[in-house]
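# Structural features, examined
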Amino acid sequence: MTAEKQLLHLVFGGELTDLESHEFRDLSALDIVGIYPNYATAHAAWKAKAQSTVDNAQMRYFIVHLHRLLDPQGS
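In this text the structure is predicted, and so the values were computed from the model without any measurement.

## A closer look at the overall build of the protein
What the protein contains, in helices and strands, is 2 helices and 3 strands. Listing every helix and strand of the protein by position from the N terminus yields β-β-α-β-α. Principal-axis analysis of the C-alpha atoms gives the protein an extent of 45 × 25 × 20 Å. Taken over 75 residues, the protein has a buried fraction of 24%. Residue pairs in contact within the protein that sit at least 24 positions apart in sequence constitute 61% of those at least 6 positions apart. Surface summary for the protein: the accessible area is close to 5400 Å², and the carbon and sulfur share equals 56%. With 6 positive and 9 negative side-chain charges, the protein shows a separation of 7 Å between the mean positions of the two kinds.

Rules and cut-offs
Residues numbered from 1 in each chain as written. Predicted model: local features only at pLDDT ≥ 70, side-chain atom pairs only at ≥ 80, totals over all residues. Heavy atoms only, no water. Helix = DSSP H or I, 4+ residues; strand = E, 2+ residues; numbered from the N terminus. Buried < 20%, exposed > 50% of the residue type's maximum accessible area, 1.4 Å probe, protein only. Contact = heavy atoms within 4.5 Å. Areas by Shrake-Rupley, 256 points an atom, 1.4 Å probe, with all protein chains shown as cover. Lys, Arg positive; Asp, Glu negative; His and termini not counted. Charge placed at Lys NZ, Arg CZ, Asp CG, Glu CD.

Rendered as structure tokens:
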């Protein structure tokens, strides 16, 4: 059995200062959801958190492709 290649993704979010920007209102209140081994699991975590905060229009969650930052020449 061949192990799946690890492509790390970070899911995090917070309240934005403005819906037109990516600037957070309070950096100390960022919600670090977790680091996931592939996009599919990161997307599932992102979707769950985004849906749980749907009543707060300023709250946004993001997926960061950590594997691209760790190896910019690779994957």
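This is not the end of the story, as more comes after the structure.
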